[in-house]
Amino acid sequence: MPRIIDLAAFGRLFENFKHTAWRLETRCRYASDEATDTYAQFLRGESPSWDMETAWSTTIRQKTSGGATVGRVRVVDSRPTPGQRYLMAHTEKNIALGEEIRNLWRADAERLRLPTEDFWIFDSRLVALLNFDEGDNLLDVELVTEPVEVNRYAQVRDTAWHYAVSCGTFAAALAAAEQQ
């Protein structure tokens, strides 16, 4: 029986994890990003002015400076969408907060048979599946705590992390490919 939580309860997961939080990002776009000032700046070709004092930023910075690990792998199409390019620009903020970011081409993710769903794993004991509507709006979150299922997602995490490349290496390869 799935346990669905709202977005406020989901936010509290970041305040309460102890050791690790890890995400697989698979979507081509996120509607919530497109509603931000930084997305508008990005679309205008400007360098986004990241607010490093948001509640999210403060929480993640506190967690990583306290020894916790926060990481993610972003799946990117062979022609990155504007939303994916924005996330690559957003990496600057993620890294400043102490996150570890890697990227993986979608073709590689498909070859590795990674799932197409976005999820977070907290402390290798809880999976939070992110449920989106057709407009790419985050609706709610399904919690998975059954150990066999959590282990399956942990194997996905390990595979994605192993095959993904650092954001800097990925950006350099993308820039080189676009110049050809």
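Anyway, here's the lowdown on the structure attached to this text.

Some details on the overall build of the protein
Here's step 1: What the protein contains, in helices and strands, is 8 helices and 8 strands.
Here's step 2: The contacts of the protein with a sequence gap of at least 6 include a subset with a gap of at least 24, amounting to 74%.
Here's step 3: Averaging the positions of the 21 positive and the 27 negative side-chain charges in the protein gives two centres separated by 3 Å.

A word on the sheet that holds strand β6 (residues 126-132)
Here's step 1: As summarised here, the arrangement of the 8 strands in space is β1-β7-β6-β5-β2-β3-β4-β8, forming an open sheet in which the pairing is mixed. Looking at the sheet topology across the chains shown, the edges are occupied by β1 (3-5) and β8 (165-166).
Here's step 2: Pairing of strand β4 (residues 100-105) with β8, which is carried by 2 bridges, proceeds in the antiparallel orientation. Bridged to Asn 103 within β8 is Val 165.

Brief notes about empty space enclosed by the protein
Here's step 1: Scanning the entire structure with this criterion turns up 1 cavity of 30 Å³ or more.
Here's step 2: Its boundaries defined by the atoms lining it, the largest cavity holds a volume of some 50 Å³.
Here's step 3: Taken together, Glu 25, Thr 26, Arg 27, Tyr 30, Arg 74, Val 75, Val 76, Gln 84, Leu 87, Met 88 and Asn 103 make up the full set of residues lining the largest cavity.
Here's step 4: Among the elements of the structure, β3 (69-76) and α5 (82-96) are those that each provide at least two residues to the lining of the largest cavity.
Here's step 5: Looking at the lining of the largest cavity, its residues break down into 5 nonpolar, 3 polar and 3 charged.

Describing the pairing of strand β2 (residues 20-25)
Here's step 1: Burial of β2 is extensive: 5 of the 6 residues sit out of reach of the surface.
Here's step 2: Across 6 bridges, the pairing between β2 and β3 is parallel. Within β3, the position partnered with Ala 21 by the bridge is Val 70.
Here's step 3: Note that β2 and strand β5 (residues 119-122) share 4 bridges and pair antiparallel. Across the sheet, the residue bridging to Ala 21 is Phe 122, located in β5.

What about the packing of helix α1 (residues 7-16) against helix α4 (residues 55-65)?
Here's step 1: Here α1 crosses α4 at 30 degrees, and the two axes come no closer than 9 Å. Taken together, the axes of α1 and α4 lie roughly parallel to each other. Packed against α1, whose contacting residues are Phe 14, Glu 15 and Asn 16, the element α4 presents Trp 56, Thr 59, Ile 60 and Lys 63 at the interface.
Here's step 2: For the contact of α1 with α4, the class distribution of residues is 3 nonpolar, 2 polar and 2 charged.

Quick notes on the pairing of strand β7 (residues 138-144)
Here's step 1: Sheet analysis places β1 next to β7, joined by 3 bridges and oriented antiparallel. What sits directly across from Ile 5, in β7, is Val 141.
Here's step 2: Looking at chain direction, β6 and β7 are connected through 6 bridges and run antiparallel. Directly across from Ala 128, in β7, lies its bridge partner Leu 143.
Here's step 3: Taking the residues that link successive antiparallel strands as the turn, the β6-β7 hairpin has 5 residues, and the phi of Asp 136 there is positive, at about 70 degrees.

Observations regarding the layout of surface pockets
Here's step 1: As a volume, the largest pocket reaches approximately 860 Å³.
Here's step 2: Contributing to the lining of the largest pocket are 33 residues, with Arg 23, Ser 32, Asp 33, Trp 56 and His 90 lying nearest its centre.
Here's step 3: Put simply, the parts of the chain that give the lining of the largest pocket at least two residues each are α1, β2, α2 (31-34), α3 (37-43), α4, β3, α5 and β6.
Here's step 4: Residue composition of the lining of the largest pocket, by class: 13 nonpolar, 9 polar and 11 charged.

The rules we used
- Residues numbered from 1 in each chain as written.
- Predicted model: local features only at pLDDT ≥ 70, side-chain atom pairs only at ≥ 80, totals over all residues.
- Heavy atoms only, no water.
- Helix = DSSP H or I, 4+ residues; strand = E, 2+ residues; numbered from the N terminus.
- Contact = heavy atoms within 4.5 Å.
- Lys, Arg positive; Asp, Glu negative; His and termini not counted.
- Charge placed at Lys NZ, Arg CZ, Asp CG, Glu CD.
- Pairing = 2+ DSSP bridges.
- 1 Å grid on protein atoms, 1.4 Å probe; cavity = no way out; pocket = protein on both sides within 12 Å on 5 of 7 lines; lining within 4 Å.
- Points joined across faces, edges and corners; volume = space filled by probe spheres on them.
- Nonpolar A, V, L, I, M, F, W, Y, C, P; charged D, E, K, R; others polar.
- Buried < 20%, exposed > 50% of the residue type's maximum accessible area, 1.4 Å probe, protein only.
- Axes fitted to C-alpha atoms, helices over the stretch in contact; angles between N-to-C directions.
- Parallel < 35°, antiparallel > 145°, perpendicular 65-115°, else oblique.

That is the geometry; function is a separate question.
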